[in-house]
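Chain by chain, the residues:
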Amino acid sequence: MPTSTAQPSTATATREKHTGLFRCIAFFLLALIVIVGITVLVIWIVIKPKRLVYTIEDGSIKNFNLNNNHLNSTFNFLIRAHNPNGRASIYYDSIEVSVAYDDQTLAFNTLEPFHQPTRNVTRLKTGIVAENAALSGSVSKDLRVEKASGDVELDVHLKAKIRFKVGIWKSGHRTLRILCSPVMVHFSKSKSFQRTYCDIDL
Ligand SMILES: *[C@@H]1O[C@H](CO)[C@@H](O)[C@H](O)[C@H]1NC(C)=O
Ligand SMILES: *[C@@H]1O[C@H](CO)[C@@H](O)[C@H](O)[C@H]1NC(C)=O
């Protein structure tokens, strides 16, 4: 008789032991998730990452000369780069800027690398020179019409390799892509420039 009662009680004990183990693991995992979550939240609150703000403040075209589907011209832009972050400064290790019309790149240039402090506005002056740039027939024709009309809508692209610095920690390289479109530029200096806001892709 004692053996028959002993059997089920051992099984119950084993089941209880398993349940206890599962509870333990579940609790451990839950605790881990909560700890990781709180850590990320605290880092997020401390750093308060904010989007970079790019605008084009001024643009002009000089020495525009279009002949036989070839273009000579200098495009000048004043680009305003705003880092609104109070903790993260930015290393711009390489910056490439290009100007396009109708999806055709007319010219590009590189800018000097720089370090942008926290809560800083830096204005980048850039002259982008098209030197006998070969254009497609249709782009050439359209540009000629734009020139006659007095203004042209251009796209300005920036591509930068950047790193963030928070305290002594530096992030890895990230590619920052900026598109300012459409940038209305007047061929004559008399008309005032309309500020253009850019889209940021990081
Ligand atoms: C552009 O300038 C170069 C010399 O700098 C000249 O050889 C070429 O003909 C010019 N092209 C146009 C379209 O004016
Ligand atoms: C932004 O930082 C640059 C140095 O990278 C400095 O020359 C400039 O004065 C700063 N501008 C402002 C508004 O703090």
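It should be emphasised that the depicted structure is a prediction, and the values quoted were computed from it without experimental measurement.

S.K.: Would you mind going over the overall build of the chain with me for this structure?
M.R.: When helices and strands are counted, the chain shows 2 helices and 11 strands. Counting only C-alpha atoms, the chain reaches 110 × 40 × 25 Å along its principal axes. The 202 residues of the chain split such that 35% are buried. Considering only intrachain contacts with a sequence separation of at least 6, the fraction spanning at least 24 residues in the chain is 68%. Within the chain, the 16 negative side-chain charges are centred at a point lying 13 Å from the centre of the 25 positive side-chain charges.

S.K.: It is not clear to me how the sheet that holds strand β6 (residues 120-134) should be interpreted in this structure. Could you clarify?
M.R.: Sheet strands line up and pair through hydrogen bonds in the backbone, either parallel or antiparallel. Taken in spatial order, the 4 strands make up an open sheet running β6-β2-β1-β10, and their pairing is antiparallel. A single partner strand is all that each edge strand has here, and the edge strands are β6 and β10 (196-197). Where strand β2 (residues 70-83) and β6 come together, 13 bridges link them in antiparallel fashion. Looking at β6, one finds that Asn76 is bridged to Gly127.

S.K.: Teacher, can you tell me more about the site of ligand 1 here?
M.R.: Close to ligand 1 lie Asn65, Asn67, His70, Asn72 and Asn132. Asn72 has a polar side-chain atom sitting 2.3 Å from an oxygen atom of ligand 1. Within the contact set of ligand 1, a nitrogen atom lies 2.9 Å away from a side-chain nitrogen or oxygen of Asn132. In isolation ligand 1 offers 360 Å² of accessible surface; the protein chains occlude 47% of this area. Of all elements in the fold, only β1 (53-67) and β2 reach the threshold of two or more residues within the shell around ligand 1. Split by residue class, the shell around ligand 1 holds no nonpolar, 5 polar and no charged.

S.K.: Hey, could you run me through the site of ligand 2 in this one?
M.R.: Contacts to ligand 2 come from His115, Pro117, Asn120, Val121 and Thr122. At 3.1 Å, a backbone N or O of His115 approaches an oxygen atom of ligand 2. One of the side-chain nitrogen or oxygen atoms of Asn120 is found 2.4 Å away from an oxygen atom of ligand 2. Burial of ligand 2 by the protein amounts to 37% of the accessible area it has alone, namely 360 Å². It is β6 that contributes the most residues to the shell around ligand 2, 3 residues altogether.

S.K.: Would you take a moment to explain the packing of aromatic side chains for this structure?
M.R.: Each aromatic ring pair is characterised by the separation of its centres together with the angle its planes make. Enumeration according to the criterion identifies 2 aromatic pairs in this entry. Here Phe64 and Phe187 contribute two aromatic rings whose centre-to-centre distance is 5.1 Å and whose plane-to-plane angle is 80°, an arrangement assigned as edge-to-face. Within this pair, whereas Phe64 is found in strand β1, its partner Phe187 is found in the loop between β9 (174-186) and β10, the two being separated by 123 residues in sequence. Judged by its relative accessible area of 18%, Phe64 is buried. For Phe187, a relative accessible area of 15% translates into the label buried. A centroid spacing of 4.6 Å and a plane angle of 10° characterise the contact between Tyr92 and Phe114, whose relative ring orientation is stacked. Separated by 22 residues along the polypeptide, Tyr92 in strand β3 (residues 88-101) and Phe114 in strand β5 (residues 114-116) bring together distant segments of the chain. Judged on exposure class, the residue Tyr92 and its partner Phe114 are both buried.

S.K.: Would you mind showing me how to read a nonpolar patch on the surface here?
M.R.: A cluster of nonpolar side chains, contributed by Leu21, Phe22, Ile25, Phe28, Leu29, Leu32, Val36 and Val40, occupies part of the molecular surface with about 810 Å² of accessible area. Of note, Ile25 is situated in helix α1 (residues 2-47). Given a relative accessible area of 44%, Ile25 falls into the partly exposed group.

S.K.: Help me out: how do you make sense of the domain arrangement of the chain in this one?
M.R.: For an interface, size is often stated in terms of accessible area lost upon the parts coming together. If you check the domain split of the chain, you get domain 1 (1-47) and domain 2 (53-201). Centre-to-centre, using C-alpha coordinates, domain 1 lies 57 Å away from domain 2.

Reading guide: rules and limits
Residues numbered from 1 in each chain as written. Chains lettered and ligands numbered in written order. Predicted model: local features only at pLDDT ≥ 70, side-chain atom pairs only at ≥ 80, totals over all residues. Heavy atoms only, no water. Helix = DSSP H or I, 4+ residues; strand = E, 2+ residues; numbered from the N terminus. Buried < 20%, exposed > 50% of the residue type's maximum accessible area, 1.4 Å probe, protein only. Contact = heavy atoms within 4.5 Å. Lys, Arg positive; Asp, Glu negative; His and termini not counted. Charge placed at Lys NZ, Arg CZ, Asp CG, Glu CD. Pairing = 2+ DSSP bridges. Near = heavy atom within 4 Å. Polar contact = N/O pair within 3.5 Å; in protein donor to acceptor, adjacent residues only side chain to side chain. Areas by Shrake-Rupley, 256 points an atom, 1.4 Å probe, with all protein chains shown as cover. Nonpolar A, V, L, I, M, F, W, Y, C, P; charged D, E, K, R; others polar. Phe/Tyr/Trp six-rings, centres within 6.5 Å; stacked < 30°, edge-to-face > 60°. Patch = residues over 30% accessible without salt bridge, like charges linked within 9 Å, V, L, I, M, F, W, Y side chains within 5 Å. Salt bridge = Lys/Arg side-chain N within 4 Å of Asp/Glu carboxyl O. Domains from an automatic or database assignment.

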